[in-house]
Amino acid sequence: MSEKKQQVSRRQFLNYTLTGVGGFMAAGMLVPMLRMAVDPVLKDTGAGDFANVSLAIEDITTEPQRIDWKINQVDGWYESEVNKSAWVFKDENDEIQAFSPVCKHLGCVVSWEGSEQHPNEFFCPCHDGRYYKDGTNVPGTPPLAPLDVYEQEVRDGMLFLGDARPKGEA
Ligand code: FES
């Protein structure tokens with residue numbers, strides 16, 4: 001009885017070796033690419049979070065006051081600090097109003113009583129855009145929609161603000 005030895009030829013050896021090394025290299029490239037594609041989907045974007053804007057409810061008056069705060073924003077793989085602002089006051093029903101200062105015309109920043117000719121209104125200096133105190137755009141001025149309204153919560157006597165949404169949706 002003769003035992004037949006299996007010989008691996010040089011050509012076969014090279015084929016096996018190159019296939020193995022190629023497979024490792026392909027896997028090494030594919031795994032990070034897959035991770036990059038899937039990772040942002042699994043991560044919490046932070047959208048919908050409420051931020052403590054460091055304003056006590058008892059300090060909110062009927063006079064709109066501008067408040068500024070920062071949030072950490074995660075956009076895919078890019079993390080950044082974003083400045084946010086709001087005009088906050090209590091209306092005639094003692095309800096807290098928090099408006100975005102971003103003009104609905106072309107995005108300039110509105111200010112409370114920013115024009116001497118138009119007291120008791122929000123004013124946008126870019127194209128003389130005007131809004132009533134309740135955030136509604138004054139007809140005949142460039143803005144065609146009311147100021148956006150921040151989602152809000154009160155926790156332990158402090159004001160927390162979320163995303164700004166079109167009036168009626170917040
Ligand atoms: S950007 Fe505000 S009026 Fe044009």
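Residues numbered from 1 in each chain as written. Predicted model: local features only at pLDDT ≥ 70, side-chain atom pairs only at ≥ 80, totals over all residues.

### With respect to the overall build of the protein
Right, on to step 1. Along its length, the protein carries one helix and nine strands.
Right, on to step 2. Taking all 170 residues of the protein together, 17% fall into the buried category.
Right, on to step 3. Across the protein, every contact between residues at least 6 apart in sequence was considered, and the portion connecting residues at least 24 apart equals 40%. (Helix = DSSP H or I, 4+ residues; strand = E, 2+ residues; numbered from the N terminus. Buried ≥ 20, exposed ≤ 12 C-beta atoms within 10 Å, placed from the backbone. Contact = placed C-beta atoms within 7 Å.)

### Observations concerning the pairing of strand β8 (residues 149-155)
Right, on to step 1. Note: β8 against strand β9 (residues 158-165), six bridges, orientation antiparallel. Across the sheet, V154 pairs through a bridge with L159, a residue of β9.
Right, on to step 2. Hairpin connection, β8 to β9: the antiparallel pair is bridged by two residues, and D156 has positive phi, about 50°. (Pairing = 2+ DSSP bridges.)

### Side note on the UniProt feature "transmembrane region" (unreviewed entry) in the protein
Right, on to step 1. The positions that UniProt labels "transmembrane region" (unreviewed entry) are, in the present scheme, residues 12-34.
Right, on to step 2. With 100% helix and 0% strand, the stretch residues 12-34 has end C-alpha atoms that lie 32 Å from each other. (UniProt positions renumbered as here; feature names shortened; annotations may be inferred.)

### Overview of the nonpolar core
Across soluble globular proteins, nonpolar side chains show a tendency to be buried alongside one another.
Right, on to step 1. Ranked by size, the top nonpolar core spans 18 residues in total, and within it A86, A98, F99, V110, F122, Y150 and L161 carry the most contacts.
Right, on to step 2. If you list the elements that add at least two residues to this core, you get β3 (78-90), β4 (96-99), β6 (122-124), β8 and β9.
Right, on to step 3. Apart from the residues lying within four places of it in its own chain, the contact partners of A86 are I67, A98, F99, S100, P101, Y150 and L161. (Core = buried A, V, L, I, M, F, W, Y, C linked by C-beta atoms within 7 Å.)

### Looking at the sheet that holds β6
Right, on to step 1. Pairing is antiparallel in the open sheet, where three strands are placed in the order β5-β6-β7. Edge positions in the sheet fall to β5 (111-112) and β7 (129-131), since each has one partner strand and no second.
Right, on to step 2. Of the pairings in the sheet, the one linking β6 to β7 comprises three bridges and is antiparallel in character. Bridge pairing links F123 to R130 in β7.

### A word on the pairing of β9
Right, on to step 1. With three bridges joining them, strand β1 (residues 51-56) and β9 adopt antiparallel strand pairing. Following the sheet pairing, A51 is matched in β9 by L161.

### Things to note about the environment of Q97
Right, on to step 1. Tracing the backbone through its elements, the reader meets Q97 in strand β4.
Right, on to step 2. Spatially, the C-alpha atoms of Q97 and D134 are 8.2 Å apart, while their sequence positions differ by 37 residues.

### Overview of the environment of F99
Right, on to step 1. Inspection of the secondary structure assignment puts F99 in strand β4.
Right, on to step 2. Expressed as a C-alpha distance, the spacing of F99 and P166, which sit 67 residues apart in the sequence, is 9.8 Å.
Right, on to step 3. Among all residues touching F99, those that are not within four sequence positions of it are A86, W87, G135, L147, D148 and V149.

### A short note on unusual backbone geometry
Right, on to step 1. Unlike most non-glycine residues, D128 shows phi in positive territory, near 60°.
Right, on to step 2. Judged by C-beta crowding, with 15 C-beta atoms within 10 Å, D128 ranks as partly exposed.

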